[in-house]
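Okay, here's what each chain looks like letter by letter:
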There are 2 protein chains.
Amino acid sequence: MDRVDSSLIALRRIIRATELYARDLKQIAGITAVQFRVLQIVGEKGHTTAKEISTRMHVSQATVTSLVDKLVREGMVTREKSQTDRRQTDILMTEKGQATLDEAPDPLQQRFVRKFAAMEDWEQSMLLAGLERVALMLDADDLDAAPVLDTGELKNGAHH
Amino acid sequence: MDRVDSSLIALRRIIRATELYARDLKQIAGITAVQFRVLQIVGEKGHTTAKEISTRMHVSQATVTSLVDKLVREGMVTREKSQTDRRQTDILMTEKGQATLDEAPDPLQQRFVRKFAAMEDWEQSMLLAGLERVALMLDADDLDAAPVLDTGELKNGAHH
DNA sequence: GTTGTTTCCTTTGATGTGCAAAGTATCGTC
DNA sequence: GACGATACTTTGCACATCAAAGGAAACAAC
């Protein structure tokens, strides 16, 4: 097997890892990866707007509405009209939502961050260069850069 | 921004590239990425069974049935009872299916393969090592290794 | 060759994700 | 105050996916 094949296998494994994590999450925490990501965004400040979720997750507002509907139905968050701008809806974290967030299995990016941190300085540089190279090769350059993996974003002291 | 963040951004860009490719494909070729992948598997030998598709794509047979249903409805493939084992259904490529396969936009992996091939020998080695390292970091090691990207598998002389 | 088990596939019914288009309410601005 | 932009919801749809149940054929064992 040549290196092209091996590289593609490795890439596929990486993508697959995010899918597997999504299934585990659903099984263990009883919440889907997408819903969990919404919960993470809400959790950052304890509240947020539909617009922000839509922007950050790159999905339509209609999708956000249905996502939040589900979370409301399950008691994870509540809706409340914003006082400052009454067009906006504030989405507030509930205790149950916070608990779900706290008890969720180790997110992918934390796993990554831990292992990355354990690497030698030169190794980190090499790895970063390689990943950026691949990203460029795939022409995935229209993304507004946010430090995220498939599920969840890198905030809340997940590193350092 | 530190290297952990940059690495995660690069990873996210890579994953995002596969999603974007899926949307382009649907727009341009009028077929979804998942259905296209089925078509690719059928196209390898001109025919295949539902079981093989199910195994290769890691989805249930029920899913395969509905996927093939759609392709049949669109005239991309036909079903035919296998003569050797009448439990099996042979899924055969039609001319239209073949045409769709041939005319599909440059798949991600071909883009990758071309650029990878253009790299220096030592660069290829470094990149491969990096990718495998990341795959390991994400613990995506339960995958039966097949040289695939998100959509489609690496066959049909897509490389070399 | 009948019986039991396994395999392959489909059907049915459900969930989750996602969007477009149309509608409602509110904000800002001229 | 009228008009256009913004934020969100509603409606109606498509796709991907599975679990469970069932039919049909193959296989194995007696």
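Analysis parameters
Residues numbered from 1 in each chain as written. Chains lettered and ligands numbered in written order. Predicted model: local features only at pLDDT ≥ 70, side-chain atom pairs only at ≥ 80, totals over all residues. Heavy atoms only, no water. Axes fitted to C-alpha atoms, helices over the stretch in contact; angles between N-to-C directions. Helix = DSSP H or I, 4+ residues; strand = E, 2+ residues; numbered from the N terminus. Parallel < 35°, antiparallel > 145°, perpendicular 65-115°, else oblique. Contact = heavy atoms within 4.5 Å. Nonpolar A, V, L, I, M, F, W, Y, C, P; charged D, E, K, R; others polar. Core = buried A, V, L, I, M, F, W, Y, C linked by side-chain atoms within 4.5 Å. Buried < 20%, exposed > 50% of the residue type's maximum accessible area, 1.4 Å probe, protein only. Polar contact = N/O pair within 3.5 Å; in protein donor to acceptor, adjacent residues only side chain to side chain. Near = heavy atom within 4 Å.

Within an unreviewed UniProt entry, the label attached to chain A reads MarR family transcriptional regulator, and the organism entered is Sagittula salina.

On to the packing of helix α2 (residues 33-45) of chain A against helix α5 (residues 95-103) of chain A. Residues and elements named next belong to chain A. One way to put it is that α2 packs onto α5 with a least axis distance of 10 Å and a crossing angle of 110 degrees. Taken together, the axis directions place α2 and α5 in an arrangement best described as roughly perpendicular. Contacts from Phe 36, Leu 39, Gln 40 and Gly 43 in α2 reach Gly 97, Thr 100 and Leu 101 in α5. Considering only residue class, the contact of α2 with α5 consists of 3 nonpolar, 4 polar and no charged.

Most often, soluble globular proteins have nonpolar side chains that are buried together. Membership of the largest hydrophobic core comes to 32 residues, with the highest contact counts inside it found for Phe 112 and Val 134 of chain A together with Phe 112 and Val 134 of chain B. Of all elements in the fold, only α1 (3-29), α6 (108-117) and α7 (121-137) of chain A together with α1 (3-29), α6 (108-117) and α7 (121-137) of chain B reach the threshold of two or more residues within this core. Other than its neighbours up to four places away in sequence, Val 134 of chain A contacts Leu 11 of chain A together with Ile 14, Phe 112, Leu 127 and Leu 131 of chain B.

All names here are of chain B. Mapped onto the elements of the fold, Gln 61 is located in helix α4 (residues 61-73). For the pair Gln 61 and Ala 50, spaced 11 residues apart in the sequence, the C-alpha separation amounts to 6.9 Å. With near-sequence residues (within four places) excluded, Gln 61 lies in contact with Lys 51 and Ser 54.

What follows is about the side chain of Thr 49 of chain A. Residues and elements named next belong to chain A. The topology assignment puts Thr 49 in strand β1 (residues 47-49). What makes Thr 49 buried here is its relative accessible area of 16%. Looking at Thr 49, its side chain comes within polar contact range of the main-chain nitrogen of Glu 52, at 3.2 Å. Those residues in contact with Thr 49 that sit more than four places away from it in its chain are Gln 88, Thr 89, Asp 90 and Ile 91.

This part takes up the protein's contact with DNA strand D. With respect to spatial proximity, 24 residues lie near DNA strand D, and among them Lys 51 and Gln 61 of chain A together with Thr 32, Ser 60 and Thr 63 of chain B are the closest. Within 4 Å of the protein, atoms of DNA strand D come from sugar and phosphate in 73% of cases. With respect to DNA strand D, the backbone of Lys 51 of chain A contributes an N or O atom lying 2.6 Å from a phosphate oxygen. One nitrogen or oxygen atom from the main chain of Ser 60 of chain B is found 2.7 Å from a phosphate oxygen belonging to DNA strand D.

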